[in-house]
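# What the coordinates show
Here is what each chain is made of, one letter per residue.
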Amino acid sequence: MTLPADALLALVERAERLLDRLDAVLPHPPQAPDWGASIAFRYRKRGGSGRLEPVRHVATIRLADLKEVEPQKERLVRNTAQFVAGRAANNVLLTGARGTGKSSLIKACLNEFAPQGLRLIEVDKADLVDLPDLVDLVAGRPERFVVFCDDLSFDEGEPGYKALKSILDGSVAQASDNVLIYATSNRRHLLPEYMRENLTYTHTDDGEVHPGEVVEEKISLSERFGLWISFYPFSQQEYLAIVAQWLRHFGVDEARIDAARSEALVWALERGSRSGRVAYQFARDFAGRGEG
């Protein structure tokens, strides 16, 4: 039986609408953004498809703003300089105490090396499953890309864990030479560790201790980062030095900086931390009050 022309046309239109709806929910590889719009981009996932969005207001923090982390700064700057120059460089895991400048140091490196072609792509851990697509997207670009994963940690069985592990090492489709992974975490091994896992350790007759398979698996991801940079809680003197640096940044004169020491210590005591973040927050509050 042959359908009338109008019925056939209606059927085609219905099929096209159905295909449009399917196309909207099916995953698609990310499309290239306007690379000239920013030096930093965020990967965002909506409706199963991801896109790179330019960051309109990039943090203006500079390397000179970061105090009391000189050894960590030197190592990350050296690695980033090698990478930007096209020489061999490592993926980096920055771990340690909260608020000590791990993320700020990466942002400061971006600002330092952006004129030489460094770009940053921030990816949430939930979206790391799309990391291979992102690597393919930038593989032919002349810029050098740092894929930035902030506050990275995984629970058991999360899919992003395996995707990151494959890109870092051991995958046939490894990252191109214009991509590095920089990640920050409060956990050295990126996965939760439980008391029961101590039972998997084995002991030899001469007293050596060897971790079991569960522990080895948890260590294996962090070991794939070629460079580990550790951060530690600040002493009182270091905390006050950071406070003074931020107060100068906000234009506070030296006399008021000296007068602010006791207030800064009380502020840290109330917050239960002498971190760089707490020092910055105090400096903003103190400077914002003005002379009064």
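Residues numbered from 1 in each chain as written. Predicted model: local features only at pLDDT ≥ 70, side-chain atom pairs only at ≥ 80, totals over all residues. Heavy atoms only, no water.

## Here's the deal with the overall build of the protein chain
When helices and strands are tallied, the protein chain shows 10 helices and 9 strands. The proportion of buried residues among the 292 residues of the protein chain is 42%. Here the analysis covers contacts within the protein chain between residues at least 6 apart in sequence; of these, 74% occur between residues at least 24 apart. (Helix = DSSP H or I, 4+ residues; strand = E, 2+ residues; numbered from the N terminus. Buried < 20%, exposed > 50% of the residue type's maximum accessible area, 1.4 Å probe, protein only. Contact = heavy atoms within 4.5 Å.)

## Here we look at the pairing of strand 5 (residues 144-149)
Counting buried residues along strand 5, 6 of its 6 residues qualify, which places the element largely inside the surrounding structure. Neither face of strand 5 is open: one carries R144, V146 and F148, the other F145, V147 and C149, and all of them are buried. Pairing of strand 4 (residues 118-122) with strand 5, which is carried by 5 bridges, proceeds in the parallel orientation. Looking across to strand 5, one finds that I121 is bridged to V147. Between the parallel pair strand 4 and strand 5, the chain is carried across by helix 4 (residues 131-138), and the sense of this crossover is right-handed. As paired strands, strand 5 and strand 6 (residues 179-185) are joined by 5 bridges and run parallel to one another. In the sheet register, V146 faces strand 6, and the bridge partner there is L180. (Pairing = 2+ DSSP bridges. Right-handed = clockwise from strand over helix to strand, strands pointing away.)

## Some thoughts on the nonpolar core
Counting residues in hydrophobic clusters, the biggest one holds 44 residues, and the most contacted among them are L76, L94, Y239 and L247. No other element matches the 7 residues that helix 7 (residues 236-249) contributes to this core. When residues no more than four places from it in sequence are discounted, the contact partners of Y239 are F234, A264, L265, W267, A268, R274, S275, V278, A279 and F282. By size, the runner-up hydrophobic cluster in this structure holds 23 residues, among which are W35, C149, L152 and L168. (Core = buried A, V, L, I, M, F, W, Y, C linked by side-chain atoms within 4.5 Å.)

## Section: the sheet that holds strand 6
In a beta sheet, neighbouring strands pair by backbone hydrogen bonds and run either parallel or antiparallel. Taken in spatial order, the 7 strands line up as 2-1-4-5-6-3-9 in an open sheet, and their pairing is mixed. The two strands at the open ends of the sheet, each matched to only one other strand, are strand 2 (49-54) and strand 9 (227-231). On average, adjacent strands in this sheet sit at an angle of 25° to one another, irrespective of strand direction. The strands touched by helix 3 (residues 102-113) within the sheet are strand 1 (40-46), strand 3 (92-96), strand 4, strand 5, strand 6 and strand 9, with strand 4 carrying the most contacts at an inclination of about 145°. (Axes fitted to C-alpha atoms, helices over the stretch in contact; angles between N-to-C directions.)

## Here we look at the packing of helix 9 (residues 261-271) against helix 10 (residues 276-289)
Direction vectors running N to C along helix 9 and helix 10 enclose 130°, while the axes themselves pass 10 Å from each other. On the basis of their axis angle, the class for helix 9 and helix 10 is oblique. The hand of the helix 9/helix 10 crossing is right-handed. On the side of helix 9, the interface is formed by E263, A264, W267, A268 and R271, while helix 10 contributes V278, Q281, F282, D285, F286 and R289. (Parallel < 35°, antiparallel > 145°, perpendicular 65-115°, else oblique. Left-handed = near helix turned anticlockwise from the far one by under 90°.)

## Some details on the confidence of the model for the protein chain
When the pLDDT values of the protein chain are averaged, the result is 80; 73% of them are 70 or greater. Note that pLDDT drops below 50 for residues 194-201; the model gives that stretch 15 contacts with residues more than four away or on any other chain. (pLDDT = per-residue confidence, 0-100.)

## What about the pattern of salt bridges?
Within this structure, the stated rule accounts for 8 salt bridges. Close ionic contact of E143 with R141 constitutes a salt bridge, the shortest N to O distance being 2.8 Å. Across the pair R289 and E263 runs a salt bridge whose closest N-O atoms are separated by 2.9 Å. Here R289 is found in helix 10, whereas its partner E263 is found in helix 9, with 26 residues between them in sequence. One network of salt bridges, with partners in common, ties together E263, D285 and R289. (Salt bridge = Lys/Arg side-chain N within 4 Å of Asp/Glu carboxyl O.)

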